[in-house]
Amino acid sequence: MAGFGDALEEIEALLSSGIKSSKALAYPTLLHLQERCDGDDESSIGMLARRSQSFLNLMIEDIFDDDEEIAAQACKCLGFMMYHPSIVATISVDTAGLIIQSLAKLIISTKIKSVCNLAVWCISVQQFSGSFFSERFDSVIIAVVHALDNPAGSSSTTFEAIQAIIKLASQLNRRMKETSHVWAPPIYRRLVSELKKERDVSERCLLKLRSMFIPPLPTLAKVVILDVKKKLLPGLKELQGKGLILQAVQAWGWFISLIGPHAIENRRLLNEMLRFLEQTFSDHNPQVKIASLIAWERLIDALINHPIQACDICVFIDSCDQESKTCQGKHGTQAIGFSKSIKLIMTPLTGIVLSKCDASVQSACMKTWCYLLHKLGAYINCPAVVKATLEPILKAVFQMRPDNRSSRLLNLCIDILDDSITVKSAVGGQGPSIRDQVNPPIAFVSAECLWKQHSLKWLPWGINQLEFYMDMVQVLSNQAVLTGVSPEYRSHMTKSTVRIFRSILKGIQVEMKHSALFYDQILLCLNMTVLLIKNLAEDAPSGEIAIERLELSLRLIEATMEVFDLSVLGSPLYKVTLDFSCIKILPEGVETLDVYHKSLKSMGSQLVYLLAVYFCVFTRLLSISADSEVIIQQFHLHLKLILSSENSLGAFHVILSLMYCSKDTWRLKTWMVVAGIVKDILGCSGDVSLFKSEYDRTGYLSVCRFLTYPLVISSSPLMKISNISYKENRNTFPTFSTETGFDQVIEVWSSIFHLVNDTSKSDLGVSRSFIEDLCSTMNEHMHSYPKGAGEFVSINSRQEDRLHYMLGKVVICILAQLLLNVSSCKDTSVSEGISLRNTLSFCARYIQDAVSLEGTDQPAPHGVTRT
């Protein structure tokens, strides 16, 4: 160590001699010693630090030496002293100020490129405290900018000057931001340089210092605007003319960022800049389009800067009429400008998604769109903003024909849409009330985009956005029934549609539970839900795709019944006119009694309406679907749930009315499904509340009509010869096969008959017997159809055999029960006599028709024997 100290003393003596040759020998030696002790040798550093003051004074003097070798070596040694923390700690404030002032003076005054370069290097590596620059900041910035302008033509000087800017920005953030109009222009002007090295260095610096000038201060924006008008816009065109289109587009993005929101105040210049990018958006090179989209994100930064700080931002944006400009005042003007900015930004994005461009371009477009949604912040929840930003892209993507490139776009849009909806049920909040645009009071839910992870600030939506979400379900549903696509794709779209619809329903449920909604708002939610399902069912096409559309309708109905409280759906408060134009989806049949048509034009609850649509879709599917097992299972589960609820009577009556609207073979399948549910309810609980009415006998009459239905349908001219068998699985649901005749129908009929008859005897509210009501109903309905053998034969002789077979079984069952009632002597009232008379009257007609068939040789259907 003694040798190190002696060497320092010797060097100091040489530097103090004033002899240039001695200095030329001393500085390289000192630099060598500095490099040696630049490590863990704390003792060496300590010795150097103790002599730092004398060395620094000599170096400050020598950096101005006219001899390039001495000045350059002095700068190198000075840079080491300014860089090493142990030495910097020993430098006084006055000495540090003198060093800074001397370097600034040297950069401007020296004619030697290497010395200027090293002087700037000293500033870029110094480890001084920012407070050391406070009094001399302006002179340092002027010196560094002088080096940036590179009067000596040295690229290394420019590089070191940029490093010095970056260093000063880390030490003096506020001051550098305030003076960005001074040091930034020499950097961004190089973006239009023909030299790649200059462009690259400039862009790297701008990326590092982005936070210093974005958003730009008015002083910087003013300088940039003047530069763009005079030099930079022509420079972009020159780059484009020389084939450097990508570089020109990248520079465009930086220029619009540097102008920032002040671009709105200079619309003429903005339009000129936009015309330049219009050409690149239409370029055939995908890379140019992608670069244009990246530059477009800088325009988003500039225009979407949240200028309105008022609490009622959404009110202003949603209420403004841009054409008539009826939204007055400062906030109104800002809202109009905000809306126009969004429209401007969305125009090329929508065009690219709709065009048949490269998949990479569409992916970049979606990335830019996600960036816009992110930048909108809480404004994304305004209905007008949703309509301008979400709706066009979602509709465009949802209406694409499926291919490899659209699948990612499709899944992204579905996820974004679902995230915007599910925040309602996830947060459990009410509709958006943006009281503070910067810090909304309600917690956000983030949606991670595929290409760029930007959190989207969704707030719980309100009823005013329900129509938009329902429209999206409608668009998605159309994709689920596309022709010429794979079954896997249709299945995926069906699941996605149900997923979005279910999320909407959960949001509505939250709204109804936690919000003080008015009656008409609740009714609106329910009506829109049911109307959407009804329209989907009615719009089901013919052919193979009809099955997919009808099955989708069933899934949506089932989701509604599962999510919504049945007490709300069935509430008499929310009745609606049962406008069953959806009946047109049923196969046409013979005309029926007016009572059933009239019942479908009355007022009913939302549940009854929904059930009617469900029944219509179910019956049509049952008639055209080859695989009906799952359909029957789901229908069985949901109908049983409804018929076990307090809305059972109304639901049962509407189903019965719809069954009578059309009669065909597959209708008997439907009757068997419903009969299995009724039998299950009665057999398990013995509860006949399904067939009761508090004020009249509507319930019992309904079950009478229900038991009459197999006879009525068997007499229909449209009834084809078809063997229907009912199999009951106690653990699951009814199924069908075609191996046996109508014995199973009669078996189920008989079971329901006996269950209702037994329970009706103990019902004190019933003044007439159930058998009497049943016989009267059968007489009424059977007299509405042809009488006499000739008329029956003219319809279909085998059909007539089947009808009489069923009639015979029914009559035997009724007579046996009636005789049992009489023989028991429990009640010999007039009521039983009337019941017997009505029953015999019904039997007489059956016997008359049966006798008239004597002598015919028509064969009976399989499983049917003449009675």
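These numbers were taken from a predicted model, which means no experiment stands behind them.

A.B. asks: Before we move on, could you go through the overall build of the protein chain and cite the residues and values that matter?
C.D. replies: For the protein chain, the helix and strand inventory stands at 40 helices and four strands. Within the protein chain, buried positions represent 55% of all 867 residues. Taking the contacts inside the protein chain whose residues are at least 6 apart along the sequence as the reference set, 77% of them involve residues at least 24 apart. Carbon and sulfur atoms form 53% of the exposed surface of the protein chain, whose accessible area is close to 36600 Å².

A.B. asks: I'd like a description of helix 18 (residues 267-281), backed by residues and values.
C.D. replies: Counted at 1.5 Å a residue, the expected span for helix 18 with its 15 residues is 21 Å, and the 20 Å between its end C-alpha atoms agrees. Here helix 18 has its buried residues at Leu269, Leu270, Met273, Leu274, Phe276, Leu277, Thr280 and Phe281. Looking straight down helix 18, one finds that the buried residues subtend no more than 155 degrees of arc, so they occupy a single side. Exposed residues pointing more than 90 degrees away from the buried face of helix 18 are listed as Arg268 and Glu278.

A.B. asks: Go over the packing of aromatic side chains with me, naming the residues and quoting the values.
C.D. replies: On inspection of all chains with the given rule, the structure shows 16 aromatic pairs. On the basis of an interplanar angle of 55 degrees and a centroid distance of 5.4 Å, the ring pair of Tyr614 and Phe635 is categorised as tilted. Of this pair, Tyr614 sits in helix 31 (residues 606-624) while Phe635 is found in helix 32 (residues 629-643), placing the two residues 21 residues apart along the sequence. There is no split in this pair, since Tyr614 and Phe635 are both buried.

A.B. asks: Provide a residue-level description of unusual backbone geometry, including the pertinent values.
C.D. replies: Cis peptide bonds are those with omega within 30 degrees of zero, and the linkage from Ile214 to Pro215 qualifies with -5 degrees. One can find Pro215 in the loop between helix 15 (210-213) and helix 16 (218-241).

A.B. asks: How would you sum up the side chain of Gln73? Please name residues and give values.
C.D. replies: Along the chain, Gln73 falls in helix 5 (residues 68-83). Those residues within four positions of Gln73 in sequence are excluded, and the remaining contacts are Tyr27, Pro28 and Leu31.

A.B. asks: Please give an account of the environment of Leu622 that cites residues and values.
C.D. replies: Locating Leu622 in the fold gives a position in helix 31. Taking relative accessible area as the criterion, Leu622 reaches 3% and is therefore assigned buried. The sequence separation of Leu622 and Lys669 amounts to 47 residues, and the corresponding C-alpha distance is 8.1 Å.

A.B. asks: If you had to explain the pattern of salt bridges to someone new, which residues and values would you point to?
C.D. replies: All chains considered together, the criterion is met by 25 salt bridges. Across the salt bridge formed by Glu297 and Lys367, the nearest N and O atoms sit 2.6 Å from each other. Taken together, the positions of Glu297 in helix 19 (residues 286-303) and Lys367 in helix 22 (residues 359-376) put the pair 70 residues apart, joining distant regions of the chain. Lys387 serves as the salt-bridge partner of Glu391, at 3.3 Å between the closest nitrogen and oxygen. Of this pair, Glu391 and Lys387 both sit in helix 23 (residues 383-398), four residues apart, roughly one helical turn.

A.B. asks: How would you explain helix 31 if you had to name every residue and give the values?
C.D. replies: If you check helix 31, its first and last C-alpha atoms are 27 Å apart, about what 19 residues at 1.5 Å a residue would give, namely 27 Å. Buried residues dominate helix 31, accounting for 17 of its 19 residues.

A.B. asks: Could you give an account of the confidence of the model for the protein chain, naming the residues involved and the relevant values?
C.D. replies: Scored by pLDDT, the protein chain comes out at a mean of 78, with 75% of its residues at no less than 70. The weakest mean pLDDT in the protein chain belongs to helix 38 (residues 789-795) at 37; the strongest belongs to helix 17 (residues 245-259) at 95. Low confidence marks residues 309-313, where pLDDT is under 50. Its contacts with residues over four positions away, or in another chain, come to ten contacts. Across residues 853-867, where pLDDT falls below 50, the model places 33 contacts with residues more than four positions away in sequence or in other chains.

A.B. asks: With reference to specific residues and values, describe the nonpolar core.
C.D. replies: By size, the foremost hydrophobic cluster in this structure holds 270 residues, and its most contacted members are Trp183, Trp252 and Trp369. The leading source of residues in this core is helix 31, at 14 residues. Sequence-distant contacts of Trp252, defined by excluding residues within four places in its chain, comprise Leu236, Met273, Leu274, Phe276, Leu277, Ala295, Trp296 and Leu299.

A.B. asks: Break down the side chain of Gln126 for me, citing the residues and quoting the values.
C.D. replies: Looking at the element boundaries, Gln126 is found in the loop between helix 8 (113-125) and helix 9 (137-149). The contacts of Gln126, once residues within four sequence positions are left out, are Met82, Phe133, Lys167, Leu168 and Gln171.

A.B. asks: Please give an account of the packing of helix 16 against helix 17 that cites residues and values.
C.D. replies: In the contact formed by helix 16 and helix 17, the axes pass within 10 Å of each other and the chain directions differ by 170 degrees. It follows from the interaxial angle that helix 16 and helix 17 lie roughly antiparallel. On the side of helix 16, the interface is formed by Leu220, Ala221, Val224, Ile225, Val228, Leu232, Leu236, Leu239 and Gln240, while helix 17 contributes Ile245, Ala248, Ala251, Trp252, Phe255, Leu258 and Ile259. A per-class count over the contact of helix 16 with helix 17 returns 15 nonpolar, one polar and no charged.

A.B. asks: Let's hear about the environment of Gln479: which residues, and what values?
C.D. replies: Considering the arrangement of structural elements, one finds Gln479 in helix 25 (residues 466-479). Judged by relative accessible area, which is 4%, Gln479 ranks as buried. Discounting residues that sit within four places of it in the chain, Gln479 has contacts with Phe398, Gln399, Met400, Tyr489 and Met493.

A.B. asks: Which residues make up the environment of Leu236, and what values go with them?
C.D. replies: Relative to the helices and strands, Leu236 is located in helix 16. A relative accessible area of 0% means that Leu236 is categorised as buried. Taking the C-alpha atoms as reference, Leu236 lies 9.8 Å from Gln250; in sequence the two are 14 residues apart.

A.B. asks: Any details on the packing of helix 25 against helix 26 (residues 487-514)? Residues and values, ideally.
C.D. replies: In contact at an axis separation of 8 Å, helix 25 and helix 26 are set at 165 degrees when each is read in the N-to-C sense. Judged on the interaxial angle alone, helix 26 and helix 25 are roughly antiparallel. With respect to the hand of their crossing, helix 25 and helix 26 are arranged in left-handed fashion. Along the contact surface, helix 25 presents Leu466, Tyr469, Met470, Val473, Leu476, Ser477 and Gln479, while helix 26 presents Tyr489, Met493, Ser496, Thr497, Ile500, Phe501, Ile504 and Ile508. Within the contact of helix 25 with helix 26, the residues separate by chemical class into eleven nonpolar, four polar and no charged.

A.B. asks: For the state of the cysteines, give the residues involved together with the corresponding values.
C.D. replies: Summed over all chains, the structure comprises zero disulfides. For the unlinked cysteine Cys116, the closest cysteine sulfur is that of Cys75, found at 9.6 Å. Given a relative accessible area of 10%, Cys116 falls into the buried group. No disulfide involves Cys704; its sulfur sits 8.8 Å from the nearest other cysteine sulfur, which is in Cys775. Given the relative accessible area of 0%, Cys704 is considered buried.

Analysis parameters
Residues numbered from 1 in each chain as written. Predicted model: local features only at pLDDT ≥ 70, side-chain atom pairs only at ≥ 80, totals over all residues. Heavy atoms only, no water. Helix = DSSP H or I, 4+ residues; strand = E, 2+ residues; numbered from the N terminus. Buried < 20%, exposed > 50% of the residue type's maximum accessible area, 1.4 Å probe, protein only. Contact = heavy atoms within 4.5 Å. Areas by Shrake-Rupley, 256 points an atom, 1.4 Å probe, with all protein chains shown as cover. Expected span 1.5 Å × (residues − 1). Arc of directions from axis to C-beta. Phe/Tyr/Trp six-rings, centres within 6.5 Å; stacked < 30°, edge-to-face > 60°. Salt bridge = Lys/Arg side-chain N within 4 Å of Asp/Glu carboxyl O. pLDDT = per-residue confidence, 0-100. Core = buried A, V, L, I, M, F, W, Y, C linked by side-chain atoms within 4.5 Å. Axes fitted to C-alpha atoms, helices over the stretch in contact; angles between N-to-C directions. Parallel < 35°, antiparallel > 145°, perpendicular 65-115°, else oblique. Nonpolar A, V, L, I, M, F, W, Y, C, P; charged D, E, K, R; others polar. Left-handed = near helix turned anticlockwise from the far one by under 90°. Disulfide = S-S within 2.5 Å.

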